[in-house]
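Residue-level structural notes
The chain contents come next:
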Amino acid sequence: MKLSTNFVKDYVDIDVDVKQLAEDMTRVGNEYDEAEKLINATKLIIGKVVSCKDHPDSDHLHVCKVDIGNEVLDIVCGAPNVREGLKVIVAQVGAQLPGGEIKKSTIRGEISNGMLCSKAELGLDSKFLNEEDKAGIHELPEDAPVGGDPIAFMKLDDSVIDFELTANRGDLLSILGMAYEIGAIYDKPVKEIDLSYTEKGENVEKTFSIDVKTDNCKLFLAKKANNVTIKESPDFIKNRLIASGIRPINNVVDISNYVMLEVGQPLHFYDADRLGNKIVVRMANPEEKLTTLDNVERTLDINDITIADETKAIGLAGVMGGLETEVEETTKNVVIEAAIFDSVKVRMTSNKILRSEASNRFEKGLDPNRTYMAMKRACHLLEKYADAEISQGMCVYDTTDKQEKIIDVEFKNINDVLGITIPKEEVLNVFRKLGFKVTSNDTKATVTVPTRRLDISIKEDLIEEVSRIYGVDNIEGKLPVLTIKPGSVDKTYREIRNKMIALGLNETLSYILINDKDVHKYTLDEFEELKLLAPITEDRNTLRYSMIPSMVKIYEYNKARDLKDISIFEIGKGFFKKQEEYGENTKLCALMTGDYYMQLGETKQVDFYVIKGVAEEILNYLGYENRYSFVKKENIPEQLHPGQTAYISVNNDIVGLIGRLHPSVEENAKNPVYVMEINLDKLISKRTGKMKFKEISKFPIIKKDIAFVIDKDTTSLEVETNIKKAGGSMLEAIKPFDLYMGENLGENKKSIAYSLTFSDSKRTLTEEEVMDKVQKIINFVCDKCKAEFRK
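All of the points below concern the structure found in this document. (Residues numbered from 1 in each chain as written. Predicted model: local features only at pLDDT ≥ 70, side-chain atom pairs only at ≥ 80, totals over all residues. Heavy atoms only, no water.)

1. Considerations on the overall build of the protein
Quick note on the threshold: Secondary structure elements follow DSSP: runs of H or I of four or more residues count as helices, runs of E of two or more count as strands, with numbering from the N terminus. Three exposure classes are used, based on accessible area relative to the maximum for each residue type with a 1.4 Å probe and protein chains only: buried under 20%, partly exposed in between, and exposed over 50%. A contact between two residues is defined here by any heavy atoms of the two lying within 4.5 Å. To measure how exposed things are, a 1.4 Å probe is used in the Shrake-Rupley method; for residues, cover is taken only from the protein chains shown.
Looking only at helices and strands, one finds 20 helices and 44 strands in the protein. C-alpha atoms of the protein, sized along the principal axes, occupy 125 × 75 × 60 Å. Per-residue burial for the protein yields a buried fraction of 49% across its 791 residues. Sequence-distant contacts in the protein: of pairs separated by 6 or more residues, those separated by 24 or more amount to 69%. Summed over its atoms, the accessible surface of the protein is roughly 40,500 Å², and 47% of this surface lies on carbon and sulfur atoms.

As structure tokens, this is what we get:
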């Protein structure tokens, strides 16, 4: 939003430097990019060309004598329109222009003490210049005072602040909205806007009608202005449009833009004689055609709100009018439209067609009371500056709620949230400065919020207003005092992060947005993906559910740069919609490939058991030892290897998975790639009991190795479970250490070897009793698992 300080001074009396105004606005939350004079040039003066002769050594230069009031300057000028008697803009020696400093010079033997300027040389964009200004120097009128200030004479002595407004402050996309904000800062009242005009002739409702056929139009007003005179706009309108970045066209079109800037409500003017007697507001038909004001034929779809006559589309609501009903120099009668359309639909259409000043305002939301105000203001200006005769009556379609919001807020609540004590009188004074009606008692204020402030709907919004206007700088900073509960979720996440780092993995931070083609990968869960309405890029148009696609992207990025040893993890969010419920959950995800660093001088090729070991370390660290298992299932995501994938079960409930990427996904990979993903929300909800401790035995341990030949489909977990049952309390630990498959074992057979550790905390075990226990284990496993003891 470009703010013309001259424009806003029409409604609030301020005498503040533009830089100070910009800083004060920033202090209340409205940041700016630039704050400069409209014409940023120095040492300019009005002069009169008293003589103009051709340069003796040039076919296009002129040697001029220019009277600037206190002296006559010799200036060489190459403009084709320079001539004797012309009033001109003179940049004196030492003047600073956007193009640089003006210096005394000699041009082909002739001394030049300055420069005669065009408007372009003063820094105005070419879109604001007429053909005469583009071709040569600017010609001032005869009444321009020699020796005077040309910028003030042309009424271009304005300053402009370019604000970067937050999305919720649509009210500041208007001069009136800015006036209320500035008035609150400096405690200045906002002046009334002139809405007066005289109605004449026949009631428009007798000859014209509107038919709204879509819920995407909440308000539509139509009024008629007859016998308008198309001509150049007054200087104050043109200059304020220029300061706001809008090119002046003619008085009628300029008035529509002027009112939009002033009130914040976009308007559209139709040539009434080419429009017909009816406007229809509807959704576009599939493949419907419309030629817009820029003379481009557009193909519409069913998501576009369309303004139509009884047979065809004549405009795109909130975005651009149609060429067929454009206001031209021959236009005599005008239909004025002021409306409110669905902000989402307008944004979707404007993204396809054109983002404009009008569409920006529709997208942010409009105050219906300002819609009526804009209509009256347009009638006032058309009557005054286009000689219009305003018809009686107005066609109205209105389903809006124009009631002001009434919100209660307690003074104690304000102080508690802001962390300071603001006197009651100061709080009430803030609401008064903002132009809010307020009543109060000893404990609370009842605030009536005007409809122009669409961003205020709850008491917290009022507290924010108090902090802004009272002054964030006046709020003393304090360190927060927080009670950190043992075992809190955030603390658990930190512990998991530290443990993963201790295990030798590197933490990453990936995008939560992925391509919609990837969102259902690496999971069999049923959910509805959450797609963005207007993604910046189609590669990242959907919120992720599983984090594995994000990790795979990071792996591919590193692989492309010839990095083969990758061990990474992330704790992040996954998002979903299941039926009508929207949700998110926190997950731990890891990806490993290549060599894994074990200890100084020792690495190991990452395989299934390495990433399984990482999962076990995390689960044991969190206190889930002996409560989890790794479950093999036939039904797994197709992106994972069917023979090297397992689900992680805690208390017989699946909380995650580990596995190798399918060979089709690993295409061109130098080493197998393994992934792990654990739903931490689900895992942590299975609360662990108190940690149990076992005294370290001071008696010696005895280790025995045994091996079993089992069916290929029998898991090591089944064998270990039966070893535990048979081993009893004497058996302290089981560790598989060898897997063998060979022809000598027989078809579909495998051999797994286990190291068993025996101990007793109260005595030294004998060799005989340990061997008796080993034999019992062998017999039990052979029976339960149909195994064969391998000697």
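Moving on from the model shown.
2. Looking at a negative patch on the surface
Rule in force here: Patch definition: residues above 30% relative accessible area lacking any salt bridge, with like charges linked at up to 9 Å and the nonpolar side chains Val, Leu, Ile, Met, Phe, Trp and Tyr linked at up to 5 Å. Whenever a carboxyl oxygen of Asp or Glu lies within 4 Å of a side-chain nitrogen of Lys or Arg, that contact is scored as a salt bridge. For the purpose of charge, His is not counted, nor are the chain termini; Lys and Arg are scored as positive and Asp and Glu as negative. Note on charges: their place is set at NZ of Lys, CZ of Arg, CG of Asp or CD of Glu.
On the surface, Glu31, Asp33, Glu34 and Glu164 cluster together to form a negatively charged patch. Here the negative patch gets 3 residues from one element, more than from any other, and that element is strand β2 (residues 31-37).

3. Re empty space enclosed by the protein
Taking a probe equal in size to a water molecule and rolling it over the atoms shows the remaining empty space. What counts here: Cavity and pocket criteria rest on a 1 Å grid covering protein atoms alone: a 1.4 Å probe that fits but cannot get out defines a cavity, protein on both sides within 12 Å along at least 5 of 7 lines defines an open pocket, and an atom within 4 Å of a point defines a lining residue. Grid points are joined across faces, edges and corners, and a volume is the space filled by probe spheres set on the points. The classification used treats Ala, Val, Leu, Ile, Met, Phe, Trp, Tyr, Cys and Pro as nonpolar, Asp, Glu, Lys and Arg as charged, and all other residues, Gly among them, as polar.
The final tally for this structure, using the stated rule, is 3 cavities of 30 Å³ or more. Put simply, the largest cavity is a space of about 200 Å³. Forming the boundary of the largest cavity are 17 residues, of which Gly170, Asp171, Gly365, Asp367 and Arg452 lie nearest the centre. For the lining of the largest cavity, the residue count by class is 4 nonpolar, 7 polar and 6 charged. Forming the walls of the second largest cavity are Tyr555, Lys559, Asp562, Leu563, Lys564, Thr593, Ala669, Lys670 and Asn671.

4. Concerning the packing of helix α19 (residues 716-727) against helix α20 (residues 767-784)
Convention followed: Every axis corresponds to a line fitted to the C-alpha atoms, with the helix fit spanning only the stretch in contact, and the corresponding angles, defined between N-to-C directions, vary from 0 to 180 degrees. Angles below 35 degrees are treated as roughly parallel, those above 145 as roughly antiparallel, those between 65 and 115 as roughly perpendicular, and all remaining angles as oblique. Note on convention: the crossing is left-handed when the near helix lies turned anticlockwise from the far helix by less than a right angle, right-handed when the turn is clockwise.
Running from amino to carboxyl end, α19 crosses α20 at an angle of 135 degrees, the nearest separation of the two axes being 9 Å. The pairing of α19 with α20 is recorded here as oblique in orientation. α20 is crossed by α19, and the crossing has right-handed handedness. Contact residues: Val719, Asn722, Ile723, Lys725, Ala726 and Gly727 in α19; Lys773, Lys776, Ile777, Phe780, Val781 and Lys784 in α20. Class assignment of the residues belonging to the contact of α19 with α20 gives a composition of 6 nonpolar, 2 polar and 4 charged.

5. Points about the layout of surface pockets
In this model, the second largest pocket occupies a volume close to 1,100 Å³. Considering the residues around the second largest pocket, the lining is formed by 38 residues, among which Val253, Asn257, His268, Leu293 and Met320 are closest to the centre. When residues of the lining of the second largest pocket are traced back to their parent elements, those giving at least two are α7 (251-263), β16 (267-271), β21 (313-316), β22 (320-321), β23 (334-341) and α10 (357-364). In terms of residue class, the lining of the second largest pocket is built from 21 nonpolar, 10 polar and 7 charged.

6. Quick look at a nonpolar patch on the surface
Together, Val344, Met348 and Leu533 line one region of the surface with nonpolar side chains, adding up to about 290 Å² of accessible area. Note that Leu533 resides in the loop between β31 (530-531) and β32 (542-543). Residue Leu533 is classed as exposed on the basis of its relative accessible area, which comes to 73%.

7. Re the packing of aromatic side chains
Just so we agree on the cut-off: Aromatic rings from Phe, Tyr and Trp, with only the six-membered ring used for Trp, were paired whenever their centres fell within 6.5 Å, and each pair was classed as stacked if the ring planes differed by under 30 degrees, edge-to-face if by over 60, and tilted otherwise. In this scheme, Lys NZ or Arg CZ marks a charge over a ring once it lies within 6 Å of the ring centre and within 35 degrees of the ring normal.
Evaluation of the coordinates by the stated rule reveals 9 aromatic pairs. Plain terms: the ring middles of Phe236 and Tyr258 are 5.9 Å apart, the flat faces sit at 85 degrees to each other, and that makes the pair edge-to-face. Note that Phe236 is positioned in helix α6 (residues 235-243) and Tyr258 in helix α7, a separation of 22 residues in sequence. For Phe236, a relative accessible area of 26% gives the class partly exposed. Note on Tyr258: relative accessible area 1%, which makes it buried. When the centroid spacing of 5.7 Å and the interplanar angle of 90 degrees are considered together, the rings of Phe608 and Tyr609 count as edge-to-face. A relative accessible area of 14% means that Phe608 is categorised as buried. An aromatic cluster of three or more residues is present, and its members are Phe7, Phe236, Tyr258 and Tyr385. Sitting over the ring of Tyr557, Arg561 keeps its end group 3.6 Å from the ring centre.

8. Description of the sheet that holds strand β42 (residues 731-740)
Going by this rule: We call two strands paired when DSSP finds no fewer than two bridges between them.
On the basis of which strands lie adjacent, the open sheet formed by 4 strands has the order β42-β43-β41-β44 and antiparallel pairing. Each end of this open sheet is capped by a strand with a single partner; those strands are β42 and β44 (788-789). When strand β41 (residues 702-711) meets strand β43 (residues 749-758), the two strands line up antiparallel, connected through 10 bridges. From the neighbouring strand, Asp711 faces β43, where its bridge partner is Lys749. Its contacts with the sheet place α19 against β41, β42 and β43, and it is angled at close to 150 degrees to β42.

9. Considering the nonpolar core
Heads up, the rule is: Definition used in this section: a nonpolar core is a set of buried Ala, Val, Leu, Ile, Met, Phe, Trp, Tyr and Cys residues joined via side-chain atoms within 4.5 Å.
Counting 109 residues, the largest nonpolar core has Phe220, Phe269 and Phe341 as its most contacted members. Those residues in contact with Phe341 that sit more than four places away from it in its chain are Asn216, Cys217, Phe220, Val281, Ile305, Ile307, Ala317, Gly318, Val346 and Phe362. Counting 33 residues, the second-largest nonpolar core is a separate cluster that includes Met592, Phe608, Ile648 and Val655.

10. Things to note about the environment of Ile314
For Ile314, the location among the structural elements is in strand β21. Overall, the relative accessible area of 2% leaves Ile314 in the buried class. Residues Ile314 and Lys53 lie 261 residues apart in sequence; the distance between their C-alpha atoms is 56 Å.

11. Describing the pairing of strand β38 (residues 640-650)
The buried count for β38 comes to 8 of 11 residues, which makes it a mostly enclosed element. Of the strand pairs in this sheet, β38 and strand β39 (residues 653-661) are connected by 7 bridges, and their pairing is antiparallel. Along β39, the bridge assignment pairs Thr645 with Gly659.

12. So, the sheet that holds strand β12 (residues 159-164)
Spatial ordering of the open sheet is given by β1-β12-β2, a layout of 3 strands whose pairing is antiparallel. The sheet terminates laterally at β1 (2-4) and β2, the two strands that pair on one side only. Across the sheet, the mean angle separating the axes of adjacent strands is 20 degrees when strand polarity is ignored. Note that β2 and β12 share 6 bridges and pair antiparallel. Directly across from Glu34, in β12, lies its bridge partner Asp162.

13. A short note on helix α5 (residues 175-186)
Count 3.6 residues to each turn of an α-helix, and residues three or four apart come out pointing the same way. Stated precisely, the cut-off is as follows: Helix span, as expected, comes to 1.5 Å for every residue beyond the first.
For α5, with 12 residues, the first-to-last C-alpha span of 16 Å sits near the 16 Å given by 1.5 Å per residue. Remark: Asp187 follows α5 within two positions and exhibits a positive phi of approximately 55 degrees.

14. Considerations on helix α15 (residues 489-502)
To keep it simple, the criterion reads: Arc, as used here, means the arc of the directions from the helix axis to the C-beta atoms.
For α15, which comprises 14 residues, the first-to-last C-alpha distance of 20 Å matches the rise-based estimate of 20 Å (1.5 Å per residue) to within 8%. Among all positions in α15, only Thr492, Tyr493, Ile496, Lys499 and Met500 are buried. Buried residues of α15, seen end-on, are gathered within an arc of 125 degrees and therefore sit on one face of the element. What points out from α15, more than 90 degrees from its buried face, is the exposed set Asp490, Asn498 and Ala502. Those residues of α15 that are buried are in contact with β33 (566-578), β34 (581-593), α17 (608-621), β40 (673-679) and α18 (680-685). Within two residues after α15, Gly504 carries a phi angle of roughly 95 degrees, on the positive side.

15. Thoughts on the pattern of salt bridges
In this structure the tally under the stated criterion is 52 salt bridges. Between Glu181 and Arg169 there is a salt bridge, with its nearest N and O atoms 3.1 Å apart. Within this pair, whereas Glu181 is found in helix α5, its partner Arg169 is found in the loop between β12 and α5, the two being separated by 12 residues in sequence. Glu181 gets classed as buried once you look at its relative accessible area, which sits at 2%. A salt bridge links Arg355 to Glu363, with the shortest nitrogen-to-oxygen separation between them at 2.7 Å.

16. Regarding the environment of Phe220
Within the element layout of this structure, Phe220 appears in strand β15 (residues 217-226). Each C-alpha atom of the pair Phe220 and Ala339 lies 4.3 Å from the other, and the pair is 119 residues apart in sequence.

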